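# Observations on the three-dimensional arrangement
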Protein chains: 2
Amino acid sequence: MRATLMYQAGDVRVETVPDSVIKHPTDALVRITASCICGSDLHPYHHMTAAEGPARMGHEFIGVVEDVGSDVGTVKRGDLVVSPFAVSDNVCEFCREDLQTSCSHPEANFWDGIPDEGAQAEAIRVPLADGTLVKLPVTLDSALMASLLTLADVYGTGFHAARMGGVGPGKRVTVIGDGAVGLLAVLSAKRLGAEQIVLMGHHRDRTDLGRTFGATDVVAERGEEGIAKVRDLTGGEGTHAVLEAVGYLPAYQQALGVVRRGGVISRVGVPQYEEAPIGFGSLFRHNIRLAGGPAPVRAYIEELMPDILDGTLEPGRVFDETTDLDGVPDGYRDMDERRSLKVLVTP
Amino acid sequence: MRATLMYQAGDVRVETVPDSVIKHPTDALVRITASCICGSDLHPYHHMTAAEGPARMGHEFIGVVEDVGSDVGTVKRGDLVVSPFAVSDNVCEFCREDLQTSCSHPEANFWDGIPDEGAQAEAIRVPLADGTLVKLPVTLDSALMASLLTLADVYGTGFHAARMGGVGPGKRVTVIGDGAVGLLAVLSAKRLGAEQIVLMGHHRDRTDLGRTFGATDVVAERGEEGIAKVRDLTGGEGTHAVLEAVGYLPAYQQALGVVRRGGVISRVGVPQYEEAPIGFGSLFRHNIRLAGGPAPVRAYIEELMPDILDGTLEPGRVFDETTDLDGVPDGYRDMDERRSLKVLVTP
């Protein structure tokens, strides 16, 4: 079968690899029909050393179940399924608390942590298939496929940011970042009833999409200038929630600048830093809280799917390019150069 | 009148100062009947430079209203009142959200931020008296005075830690620090129904009091050894909430070590650091949240007082030494040398 491998920063190849096969009775084998490239795939695209590669890539997919192990009960051959970006048993004490990204099963993992599988490929072995996969009530030709694929990561991740930020009616929200996750954090904040949604981003086509998703204001400026703009837009106080969908330290510093006293900074951009200000002058003085982490998107799929199925929401609008497997290396380049927002891959 | 002044680290004096007087129509003048020394007073006792001094000291008191400005309506001459450690109007948007320590009134402040007043004194001018002071339904000879005085800071602060940590029935809790705030965080966690309360502290007399307040386990070890002990006591997982009542970086690091995946670190010890780990390996990976700050104790006084009045809870047991004003300098020394847990001052 064919699959995507990253050899080192900037070096993505599509090659023939050994076929994925069922190894454990709890596995399913899925033929991938839709996958994509994630903003987080750009981190290794910038920084991976040759010693760390080659790595199988991709952690979001929809596909058709081709085979199941003897212990799999919830999906069967022929089912169309979506997978979260993390594998989990969905029954342990953490999964039952809707924290599937901290599942305590020994096989639980992020797809990115499973070395011999990846979703930018023709097929994939899914460990803990009963806990991980969710059946989709559509057929392969559904026009909703792009939106349903966002349930694998970016929509659930944007929603997690909003949920952990305590977004609800009457709340003012700042979203930092106009990538797919930031835009879907806007959509999620709108869905949860936020009163004001300020989107901080400087790519006009993206922030325009953010407006259609529900952003009431857009701030293109960054740093101190951007902070001042958000303060101006919020009566000087900043916003109850700040959804940080970037992961770099300046985005966190920006969040500190625009969060309201007593508010929440909810991070879903994977932090590319370890130490940051959390003392008296930053978080403590005004009881500002910090939340977020890898989204337990498995917990949100059933909640978010109905709005997609009935056409109310179209999170799939974040995809602005579609390619086959051969086009994946160019897709990385396009996303890296900000020529594409998010690339859909149809193997 | 006489009042306590700190000239620099280790140099505390009781001197005659100008009488406190009413300056604004919203002021009250209170004759102090009970005050105390706070663990946070030890920070300047260790670090204050001569250039920063002399500073008036004390931010917790009970007293009798001696006079009120023309705009004061909720307290009158002769009322026995308690004051939170922060002055607030109790009507602004932040106060209405129970965040009185972030009150937006221009006169709002911590007592420690008001240069010409202090509670380790014979009298005090109380700005925003209507918002700040709470009447006590007891007489001056009440045996409950010590417990009622804890409503000014340490009990409300311990309670804030527990509240912000989401403590409730079924939750496991670690309290870091066996000072007055830590011990009252234990009492608060017990009051809120915590299932398990692990107190980390190494002063045997204090942790014994912690046990009577509700600690189910005591861990005297610190650092990695202490973390391992707490993990052992909690099925390897750590606790849902960690109430950090110390403020030094090692206490935060200890909190990272004992918090459960998806749990909350709730800080009420004033951070003596600014930068700390919050990246993937510390908070982010397992959606660990960070909360806390200066406690809006004004918000909690009415909620916490009934248990004191009816004798159910005795937070005043944290006081193990009583002195008059002349004994205040020795009181600082005793608390610094850990010979006293908390010193009550009766001017």
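How each quantity is defined
Residues numbered from 1 in each chain as written. Chains lettered and ligands numbered in written order. Predicted model: local features only at pLDDT ≥ 70, side-chain atom pairs only at ≥ 80, totals over all residues. Heavy atoms only, no water. Least-squares fit on C-alpha atoms with pLDDT ≥ 70 in both. Contact = heavy atoms within 4.5 Å. Pairing = 2+ DSSP bridges. Helix = DSSP H or I, 4+ residues; strand = E, 2+ residues; numbered from the N terminus. UniProt positions renumbered as here; feature names shortened; annotations may be inferred. Axes fitted to C-alpha atoms, helices over the stretch in contact; angles between N-to-C directions. Parallel < 35°, antiparallel > 145°, perpendicular 65-115°, else oblique. Left-handed = near helix turned anticlockwise from the far one by under 90°. Nonpolar A, V, L, I, M, F, W, Y, C, P; charged D, E, K, R; others polar. Buried area = accessible area lost by both parts, 1.4 Å probe. Salt bridge = Lys/Arg side-chain N within 4 Å of Asp/Glu carboxyl O. Polar contact = N/O pair within 3.5 Å; in protein donor to acceptor, adjacent residues only side chain to side chain.

On to the relation of the copies chain A and chain B, then. Of the two same-sequence chains, chain A is brought onto chain B (RMSD 0.0 Å, axial shift 0.0 Å) by a rotation of 180 degrees. Taken together, the rotation angle and the small translation identify this as a two-fold axis. It is A:Leu290 whose C-alpha, among those of chain A, lies nearest the rotation axis, at 2.5 Å. Mapped onto chain B, 100% of the interface residues of chain A are again interface residues, and the two copies thus contact each other with one and the same surface.

Take the pairing of strand β5 (residues 61–68) of chain B next. Residue and element names in this part refer to chain B. Two strands pair when backbone bridges link them, and strand β3 (residues 28–36) and β5 are joined in this way by 7 bridges, in the antiparallel orientation. When the bridges of β5 are listed, Ala 28 appears paired with Val 68. Relative to strand β6 (residues 80–83), β5 is paired through 4 bridges, and the arrangement is antiparallel. Following the sheet pairing, Val 64 is matched in β6 by Leu 80.

Moving on, we get to the UniProt feature "domain: Enoyl reductase (ER)" (unreviewed entry) in chain A. UniProt marks residues 10–345 of chain A with the feature "domain: Enoyl reductase (ER)" (unreviewed entry), using the numbering shown here. Taken end to end, residues 10–345 of chain A comprises 30% helix and 24% strand; its first and last C-alpha atoms sit 18 Å apart.

Moving on, we get to the sheet that holds strand β2 (residues 11–16) of chain B. Residue and element names in this part refer to chain B. Here 3 strands make up an open sheet; going across it, the order is β2-β1-β4 and the pairing antiparallel. At either margin of the open sheet sits one strand with a lone partner, and together these are β2 and β4 (55–56). Two elements, strand β1 (residues 2–8) and β4, share 2 bridges in a ladder whose sense is antiparallel. Bridge pairing in β4 links Leu 5 to Arg 56. Across the face of the sheet, helix α11 (residues 328–336) comes into contact with β1 and β2 while running at roughly 160 degrees to β2.

For the rest of this paragraph, the subject is the packing of helix α8 (residues 223–233) of chain A against helix α9 (residues 249–258) of chain A. Each pair of packed helices can be summarised by the angle the axes make with each other and by the distance between the axes. Residue and element names in this part refer to chain A. Between α8 and α9, the shortest axis-to-axis distance is 9 Å and the interhelical angle comes to 30 degrees. The angle between the axes of α8 and α9 places the two elements in the roughly parallel class. Crossing of α8 against α9: the hand is right-handed. Between α8, through Gly 223, Ile 227, Val 230 and Arg 231, and α9, the contact on the second element is made entirely by Gln 253, Gln 254, Leu 256, Gly 257 and Val 258. In terms of residue class, the contact of α8 with α9 is built from 4 nonpolar, 4 polar and 1 charged.

Turning to the interface of chain A and chain B, a few remarks are in order. Taken together, the contacts link 43 residues of chain A with 43 residues of chain B. Buried area between chain A and chain B, both sides added, is near 3600 Å², and the carbon and sulfur share of it is 54%. Of all residues in chain A, the largest losses of buried area upon contact with chain B belong to A:Ile278, A:Phe284 and A:Asn287, amounting jointly to 20% of the total for that side. Applying the counting criterion to the chain A and chain B interface returns 4 salt bridges. At the junction of chain A with chain B, the criterion picks out 28 residue pairs in polar contact (both at pLDDT 80 or more). Where the side of chain A that touches chain B is concerned, the elements lending two or more residues are α2 (93–96), β15 (259–267), β16 (275–277), α10 (280–284) and β17 (289–292) of chain A. If you tally residues by element for the side of chain A that touches chain B, the top one is α10(A), at 5 residues. Here the residues of the side of chain A that touches chain B sort into 19 nonpolar, 13 polar and 11 charged.

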